[in-house]
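Okay, here's what each chain looks like letter by letter:
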Amino acid sequence: MTRTAEAGRRQAGPGTRQPRWLWPTLAVPGAGWLTVLFLLPFYVVLAVAGGTVNPLFLNAVPIWNPLDWQSGYVRQVFSDLFGASAFLGPSVLRTLLYDALASTACLLIAYPVAYFVARQAGRRKGLYLVAVVAPFWVSYMMRMLAWQNLLQGNGLVNHALTVAHLITQPVNWLSGMPVTVILGLVYGYVPYVIVVLYAGLDRIDGSLLEAARDLGLGRTRTFLHVTLPLSRQVIYAGALITALPMAGDFYTNTMLSGVPTTNMIGNVISSSLSTPGQGGEGAVLVLFLLIVMLAPMIWYVRSTSRAESGDVL
Amino acid sequence: MAGGTVTLNHLTKRFGSQCAVDGICAEITAGEFFSLLGPSGCGKTTTLRMLAGFEDPTSGQIVLDGEDVTHLPPNRRKVNTVFQHYALFPFLDVRANVAFGLKYQHCSKKEISQRVGEALDLVELAPYQRRRPAQLSGGQQQRVALARALVLRPSVLLLDEPLGALDARMRRTLQVELKALQERVGITFIYVTHDQGEALTMSDRVAVMRSGRIVQVANPRAVYDEPADAWVADFLGVSNLMDAVVRTPGNGTRPCRVTVRSFELDARGGTVDVAGQVRLAIRPERVILCGFQESRANLIPGIVERTVFLGSATQVIVHLAVGVTIQALADNASEAASWPPGTPVQACLPADSLRVLPCDPAQQPGESRQAEPAGEPASAVSPAS
Amino acid sequence: MTAGTVTRAAPEAGLSRAGRLSQIRRVRRPSVLRGFVWLYLLWSLAPVALAILFSFNSGSSVTEWQGFSLRWYVGDPYYSVLHDPALHAAVIQTLRLAVLTTAAAVPIGVLFAIGVHRWRSRQASAWTFLMLLAFVMPELIFGVGIFLLFTNLLTIVRLGTTAQFLALVAWNISWPAIIVRARLQSIGDEYEEAARDLGASSVGAIRRVLLPMLFPAVFASVVLVFAGVIDDFVIVDLLSSNAQSQPMSVIIYTLGAHGGSAAAPALNALATVMFIMSIVTVAAGWAVYRLLTRGERHRAEGLSLSAFTGV
């Protein structure tokens, strides 16, 4: 029984000589708040999804008793998604596509940047970090607004492209162009990925890399066989921390495109809330989204807690 | 300050199915420097934490100056602790750190100032009182931790391997200082360590712990020269151990005669009145190395394997004819120190320094007084080892 | 030698050509990577910089510079941030929400973190799990849930500032909880034990020792929550009721949706105001943080920028 094992077991009770009620009491306000405003809403969503609609005002009427839940909305959404007249299907597929493309692009951009700042920036590391993290502090809306400025018909992007003879007349970037939306998503989410990747890459023990070089691996092979495997966990975390929230994104599309042809599932949900009679469907879609993402979310949380308790990296 | 007497009565601590401390009993007198010595995991730290009040004993009793404090919370005991990593509050300067506990003793501002000043003088850190812990060296931090505990005038001071984080030289200096401090202040120190050198240097008495039990309690000299069993002998300093069979048990007047392979030796130390399988122990510094021609009692021939220069002495490693390799300590200037590997020598194991230790912990002195039956002829048998 | 050592070590003035060559050979400059990073920084910061720049444009174009002016901030009697009632109200609302949310979320989150960390039961891990979940969940899911909650169940709370406040706190408890929890794990139990050994009660030990030691983490949480609320969109949009409860992010969205409008420069100005608010928060936070932890300068843990940003 080593000392660390002893200490580990001791952790079972630093509260041994302290009143047992103390710790839960401290946690109660937070727990209470979360219960009412985090857990309870899920139940409400379920109740609305399993509820009916008021024929007069066309607002959703929730049913509180689980035994009485109706399947009307669910069936409606299912048919909208997969059925003969599926018009939501494209939105879902589009969401998946945009999400996958944007997330991948984010990772491809973020990894080199994070790697550079973490391992090769030398004395200027702090400065690079601030520069790279700065967009984090600029509101998302402002960043989209910034691109709006540039992508307008007579904006600087069209100017530059015309001057470079890449286009002959101004392109309307801000209406229904998937490229714009995807690039907007990348622009918006990439700082988060960089920060997460940076934290992980920074933690890699430099002596491991030195050992690899010492043993004869060249720079490329050191990277492929040592750095990359070590950063695998962080890459997954970074991918999830982008891909999951992105699935619920709708404002990027609205700001940079605003036409239904580039709709994401988030747009459908948010518009269903303001359309009379569609509240229930919105709720079902939210549940649908939640269920689809539940597994990756749980995976992320568990791997983060494991990482926090001191594993690896 | 008045020292405190501490009595531990069958103190036990279990963590789930594992028993960290197994019914230990001890009586610590007031003003004593008492050490708990043992390897990692032997339960010494757990014992200390129970004394401090951070662990609840599973059973047993802790009596401090006649009062049962077993279930008293740590802030109500007249016991203070010096932690292994000092746990100095980083956001307070030295003075504020030392003054921290005085708030709970309801002292006036003037009294606080005075007592803090006294404590800082005691550890000679008055010039550093405005510094933050991060600006002090390891040894200075340790002294602040001491001052912070002593200013509260406890009956007992608990020290949890306080010198563990320091380098060797600083450790040696602080060992002397700690001992001097304890003598000056006069309270009981209970000191936990895994370093036997430390325990031997500073303590009035040492309790050697193993697997949750106290194996031996005695003053340092006794623990070193008269270890209770082979394990203690091996734990405290280097010990040469070999298996032997008792030929004739000893008593008050005559030594125990044992056979090691075909060699017969007299032994006067340890439990001489046992029979059967035993272990012999002798400290390297007691082994006398002689040339091949000499004649003495208790001689075993051997060959020098190698010599190791230790600085203050030379260690001579000899492979004996009985199949055991022993270490002997020779003076740097002596002949033995310069014998090359392969030199035939003889090792004299003086009877007074040769200790007989029970092989089997269950074997008690006085049992089976007659020699083993005829299966032990003097020459042929090699005892199992 | 470390793989990829600092490129700055390369060509020293005064070295012979051979010496310089050998240095270059030893320290191969990752110029491709560096170029990439600079390209990224340009792509990342230039649009924002331009938007800020054009907010000071005296005309309403966002492509042609027509001279410096504060028109969109205070000058223009109809469209400037100061005079346009919607824009004006938005700034106030953002500040109001940011202050209220931070004031509530940080204490609750900190206590929550301390309680859960020490509680150490399966229930406690469940709460931790929930906390981390809020991090990675799309805000839309949470937003819809809260929206339905207030419109169907807790209708006593009407949509508007109160609802926004309640939801924002719930959404932002995660920040202080996670940051403080990480800090607690690195602090360990020793300091509190020392405090109790010296005579403090459990509560006293928390108050006099643990909280001061958590100060950097608490501070980082304050900054993060504050900046996060300034930036928040989904929750406040779903829960806003009238113009009074529309903070800056919503105004920008409403006016800027579908490709922008004529008042674009004013929006740029508004966004710049938002940006300045965030920067000031962070800078002030950093300054106060440095000021109050000057005694701890030597300790590496908890003082790096990454700890400050909470990552």
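Predicted, not measured: the structure shown is a model, and the values here were computed from it.

Thresholds applied
Residues numbered from 1 in each chain as written. Chains lettered and ligands numbered in written order. Predicted model: local features only at pLDDT ≥ 70, side-chain atom pairs only at ≥ 80, totals over all residues. Helix = DSSP H or I, 4+ residues; strand = E, 2+ residues; numbered from the N terminus. Contact = placed C-beta atoms within 7 Å. Buried ≥ 20, exposed ≤ 12 C-beta atoms within 10 Å, placed from the backbone. Nonpolar A, V, L, I, M, F, W, Y, C, P; charged D, E, K, R; others polar. Axes fitted to C-alpha atoms, helices over the stretch in contact; angles between N-to-C directions. Parallel < 35°, antiparallel > 145°, perpendicular 65-115°, else oblique. Left-handed = near helix turned anticlockwise from the far one by under 90°. pLDDT = per-residue confidence, 0-100. Expected span 1.5 Å × (residues − 1). Bend = angle between axes of the 7 residues up to and from the residue. Pairing = 2+ DSSP bridges. Core = buried A, V, L, I, M, F, W, Y, C linked by C-beta atoms within 7 Å. Domains from an automatic or database assignment.

(A) Quick peek at the overall build of chain B. When helices and strands are tallied, chain B shows eight helices and 21 strands. Dimensions of chain B along its principal axes, counting C-alpha atoms only, are 80 × 50 × 35 Å. Contacts in chain B between residues at least 24 apart in sequence constitute 67% of all its contacts with a sequence separation of at least 6.

(B) Inspection of the overall build of chain C at higher detail. On a plain count of helices and strands, chain C comes out with 15 helices and zero strands. In chain C, which comprises 311 residues, the proportion classed as buried is 49%. The long-range share in chain C, meaning contacts at least 24 apart out of those at least 6 apart in sequence, stands at 69%.

(C) The arrangement of the interface of chain C and chain A in detail. Listed per partner, the contact involves 87 residues of chain C and 93 residues of chain A. Class assignment of the residues belonging to the side of chain C that touches chain A gives a composition of 60 nonpolar, 20 polar and seven charged.

(D) Representation of the packing of helix α6 (residues 140-151) of chain A against helix α8 (residues 178-203) of chain A. Residues and elements named next belong to chain A. At a minimum axis separation of 10 Å, α6 and α8 run at an interaxial angle of 140°. By the angle class used here, α6 and α8 are oblique. Crossing hand, α6 versus α8: right-handed. On the side of α6, the interface is formed by Tyr140, Arg143, Met144, Trp147 and Leu151, while α8 contributes Thr180, Gly184, Tyr187 and Gly188. Of the residues belonging to the contact of α6 with α8, the class tally is five nonpolar, three polar and one charged.

(E) The arrangement of the confidence of the model for chain C in detail. Residues and elements named next belong to chain C. On average, residues of chain C score 78 in pLDDT, and 82% of them are at 70 or above. The low-confidence segment residues 1-12, where pLDDT is below 50, has 25 contacts with residues more than four positions distant or belonging to other chains. Low pLDDT, under 50, characterises residues 297-311; the stretch is placed with 25 contacts to residues that sit more than four places away or in other chains. Overall fold confidence (pTM) sits at 0.75, and the ipTM for the predicted complex is 0.81.

(F) Examining helix α5 (residues 125-137) of chain A more closely. Residue and element names in this part refer to chain A. With 13 residues, α5 extends 19 Å between its outermost C-alpha atoms, agreeing within 8% with the 18 Å of an ideal straight helix rising 1.5 Å per residue. Bending of α5 peaks at approximately 25° at the position of alanine 131, with proline proline 135 no more than four residues after it. Residues Tyr128, Leu129, Val132, Pro135 and Trp137 constitute the buried set of α5.

(G) Fine view of the sheet that holds strand β1 (residues 6-15) of chain B. Residues and elements named next belong to chain B. Strand order in the open sheet made by the four strands is β2-β1-β4-β5, with antiparallel pairing throughout. The outermost strands of the open sheet, each flanked by one partner alone, are β2 (18-28) and β5 (67-68). Here β1 runs beside β2; their pairing, made up of seven bridges, is antiparallel. Residue pairing across strands places threonine 7 opposite glutamate 27, the latter belonging to β2.

(H) Examining helix α13 (residues 248-256) of chain C more closely. Counting buried residues in α13 of chain C gives eight out of nine residues, a clear majority hidden from the surface. All of the buried residues along α13 of chain C are Met248, Ser249, Val250, Ile251, Ile252, Tyr253, Leu255 and Gly256 of chain C.

(I) The arrangement of the interface of chain C and chain B in detail. Contacts between the two partners involve 17 residues from chain C and, on the opposite side, 20 residues from chain B. Put simply, the parts of the chain that give the side of chain C that touches chain B at least two residues each are α9 (190-197) and α10 (202-213) of chain C. The dominant element in the side of chain C that touches chain B, judged by the number of residues it contributes, is α9 of chain C, at six residues.

(J) Molecular detail of the sheet that holds strand β13 (residues 263-267) of chain B. All names here are of chain B. Taken in spatial order, the six strands line up as β13-β12-β11-β15-β21-β14 in an open sheet, and their pairing is mixed. A single partner strand is all that each edge strand has here, and the edge strands are β13 and β14 (269-270). In this structure, β14 lies alongside strand β21 (residues 355-358), joined through two bridges in parallel fashion. Counterpart to glycine 270 in the pairing with β21 is valine 356.

(K) How the structure looks around the nonpolar core. Within the largest apolar cluster, 286 residues are counted, with the highest numbers of intra-cluster contacts made by Ala114 of chain A, Val258 and Ala347 of chain B together with Leu270 of chain C. In terms of domain composition, this core takes at least three residues from each of domain 1 (16-82) and domain 2 (89-274) of chain A. Excluding residues within four positions of it along the chain, alanine 114 of chain A makes contact with Ile194, Leu197, Tyr198 and Leu201 of chain A.

(L) Geometry of unusual backbone geometry. Residue and element names in this part refer to chain B. Notably, aspartate 65 is not glycine yet its phi reads approximately 50°, a positive angle. Residue placement: aspartate 65 occurs in the loop between β4 (59-64) and β5. Using a count of 16 C-beta atoms within 10 Å as the deciding quantity, one classes aspartate 65 as partly exposed. Despite not being glycine, alanine 87 has its phi angle at roughly 50°, a positive value. Examined against the element boundaries, alanine 87 turns out to sit in the loop between β6 (79-82) and α2 (94-99).

(M) Spatial organisation of the pairing of strand β15 (residues 277-282) of chain B. Residues and elements named next belong to chain B. Across the six residues that make up β15, a large majority, five, are buried. By the bridge criterion, six bridges tie strand β11 (residues 240-248) to β15 in an arrangement that is antiparallel. Following the sheet pairing, methionine 242 is matched in β15 by leucine 280. In the sheet, β15 pairs with β21 via four bridges, with the strands oriented antiparallel. Each residue of the ladder has a partner; that of arginine 279, found in β21, is leucine 357.

(N) Broad picture of the environment of valine 171 of chain A. Residue and element names in this part refer to chain A. If you trace the backbone, valine 171 turns up in the loop between α7 (156-163) and α8. Judged by the 17 C-beta atoms lying within 10 Å of it, valine 171 is partly exposed. Along the sequence, valine 171 and isoleucine 235 sit 64 residues apart, while their C-alpha atoms lie 36 Å from each other.

(O) Structural detail: the environment of glycine 41 of chain B. All names here are of chain B. Structurally, glycine 41 can be placed in the loop between β3 (33-37) and α1 (44-52). Accessibility expressed as a C-beta count within 10 Å gives 21 for glycine 41, which makes it buried. Placed 20 residues apart in sequence, glycine 41 and valine 21 show a C-alpha to C-alpha distance of 9.8 Å.

(P) View of the packing of α5 of chain A against α8 of chain A. Residue and element names in this part refer to chain A. At a minimum axis distance of 8 Å, the contact between α5 and α8 shows a crossing angle of 135°. Put simply, α5 runs oblique to α8. Crossing of α5 against α8: the hand is left-handed. Mapping the contact onto sequence places Val132, Val133, Pro135 and Phe136 in α5 and Pro191, Ile194 and Val195 in α8. Within the contact of α5 with α8, the residues separate by chemical class into seven nonpolar, no polar and no charged.

(Q) Quick peek at the environment of valine 94 of chain B. Residue and element names in this part refer to chain B. Structurally, valine 94 can be placed in helix α2. When the C-alpha positions of valine 94 and proline 133 are compared, they lie 6.5 Å apart, and in sequence the two are 39 residues distant. Beyond its immediate stretch of four places on either side in the chain, valine 94 contacts Leu125, Tyr128, Gln129, Arg131 and Val144.

(R) Summary view of the confidence of the model for chain B. On average, residues of chain B score 86 in pLDDT, and 92% of them are at 70 or above. Ignoring residues within four places in sequence, the model shows residues 362-385 of chain B, a span with pLDDT below 50, making 30 contacts including any to other chains.

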